Amino acid sequence: MAWFLRKKKNIITSINERKDLPKGIWYRTSSGKIIDTEELKKNAYVSPEDGYHVRIHSKEYFEILFDHGKFLEMNVKMMSKDPMKWEDYKKYTDRIQETRKKTNLYDAIRTGVGKIQTINVVISCMDFSFIGGSMGSVVGEKISRAIKYCIEKKYPYILISKSGGARIMESSFSLMQMAKTIARLTQLRDAKIPYISVLTDPTTGGVTASYSLLGDINIAEPGAMIGFAGPRVIRETIGKDLPEGFQTAEFLMDHGFIDLISPRTELKKNIYKLVSMMI
């Protein structure tokens, strides 16, 4: 019985001897499944329990797609200005600086040059952690320069979208990026260079209305939310209830907006197959 009875009162282990579990050792998916984070990382951040695709950043996408995770980053230190002198509950310039310190990013997109199974490619990847992955002047300029580089080098272009839409703090300067990036993509098409667009969760707003749905091949991750305005805004505008599953990757696939739904574990292989057939 002594096994089940406490012989001494209180916990007598000293604080110095207590062992704390490291933070982030487990991850809970949206369906409640629990998975070891190391196992999750090895599976491209896709839960083997239920196939749930965890939201990841450009760092993880570059590690997954580039051979051995090696790449050369372009236009690293580009930062947004404050053309509108925007201020809500804080100044836009302060928000930029705070987000930079928090995320260690200069803006909501990064561009890398490297290889996918020996094929030279350029990959631009958006980061939702930087002001909701919003599209401002830096995002548009980085995409424009990446496409220009692809035309010069004859490298295929891959763009991974993850965005809440246009950056309101830059007003019309943000909206101008839609036309700017579309013009560059037209030049890329005229040069007969492949453009693969990868839509992840979420891809919304002006990003969806411009470059993210203009790929030669549009690929989406399973279950990704893809759309322009939110469901409530659309419902109130048209005065009708929306179909079940509206604005999911699967719904858009059924209606011809998406060419392929690819699990993240198969993404590198599928991009390689598509690009190798197009170059």
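Cut-offs and rules
Residues numbered from 1 in each chain as written. Predicted model: local features only at pLDDT ≥ 70, side-chain atom pairs only at ≥ 80, totals over all residues. Heavy atoms only, no water. 1 Å grid on protein atoms, 1.4 Å probe; cavity = no way out; pocket = protein on both sides within 12 Å on 5 of 7 lines; lining within 4 Å. Points joined across faces, edges and corners; volume = space filled by probe spheres on them. Helix = DSSP H or I, 4+ residues; strand = E, 2+ residues; numbered from the N terminus. Nonpolar A, V, L, I, M, F, W, Y, C, P; charged D, E, K, R; others polar. Core = buried A, V, L, I, M, F, W, Y, C linked by side-chain atoms within 4.5 Å. Buried < 20%, exposed > 50% of the residue type's maximum accessible area, 1.4 Å probe, protein only. Contact = heavy atoms within 4.5 Å. Phe/Tyr/Trp six-rings, centres within 6.5 Å; stacked < 30°, edge-to-face > 60°. Lys NZ or Arg CZ within 6 Å of the ring centre and 35° of its normal. Domains from an automatic or database assignment. Buried area = accessible area lost by both parts, 1.4 Å probe. Salt bridge = Lys/Arg side-chain N within 4 Å of Asp/Glu carboxyl O. Polar contact = N/O pair within 3.5 Å; in protein donor to acceptor, adjacent residues only side chain to side chain.

### Points about the layout of surface pockets
- As a volume, the largest pocket reaches approximately 210 Å³.
- It is helix 5 (residues 171–190) that contributes the most residues to the lining of the largest pocket, five residues altogether.
- Partitioned by chemical class, the residues of the lining of the largest pocket number seven nonpolar, one polar and three charged.

### Some words on the nonpolar core
- The biggest cluster of nonpolar side chains holds 27 residues, and the ones touching the most others in it are Val122, Val139, Ile143, Tyr157, Leu188, Tyr195 and Tyr211.
- Among the secondary structure elements, those contributing two or more residues to this core are helix 3 (92–103), strand 4 (109–116), strand 5 (119–126), helix 4 (137–153), strand 6 (157–163) and helix 5.
- Tallying contributions element by element places helix 4 first for this core, with five residues.
- Those residues in contact with Val122 that lie beyond four places of it in its chain are Thr111, Gly112, Val113, Ala146, Tyr149, Cys150, Tyr155, Pro156, Tyr157 and Ile158.
- Core analysis: the second largest hydrophobic core is formed by 26 residues, Ala44, Tyr45, Ile196 and Leu267 among them.

### What to know about the packing of aromatic side chains
- What the rule picks out here adds up to six aromatic pairs.
- For the ring pair Tyr157 and Tyr195, a centre distance of 5.8 Å and an interplane angle of 20 degrees mean the geometry is stacked. Here the residue Tyr157 occupies a position in strand 6, and Tyr195 occupies one in strand 7 (residues 195–203), the gap between them amounting to 38 residues. Summarising the burial analysis for this pair, Tyr157 and Tyr195 share the class buried.
- Through successive ring pairs, a cluster of aromatic residues spans Phe62, Phe66 and Phe71.
- Directly above the ring of Phe128 sits Arg55, whose terminal nitrogen or CZ lies 5.1 Å from the centroid.
- Just above the ring of Tyr89 sits the side chain of Arg95; from NZ or CZ to the centre is 5.2 Å.

### Notes on the domain arrangement of the protein
- Domain assignment breaks the protein into domain 1 (18–54) and domain 2 (56–278).
- Computed from C-alpha atoms alone, the centre-to-centre distance between domain 1 and domain 2 is 26 Å.
- Opposite the six residues of domain 1 that make contact, domain 2 presents nine residues.
- When the area that domain 1 buries against domain 2 is broken down by residue, the three leading residues are Ala44, Tyr45 and His53, summing to 71%.
- Summed over the shared surface of domain 1 and domain 2, the result is zero salt bridges.
- Taken together, domain 1 and domain 2 are joined by five residue pairs in polar contact (both at pLDDT 80 or more).
- Counted by class, the side of domain 1 that touches domain 2 contains four nonpolar, two polar and no charged residues.

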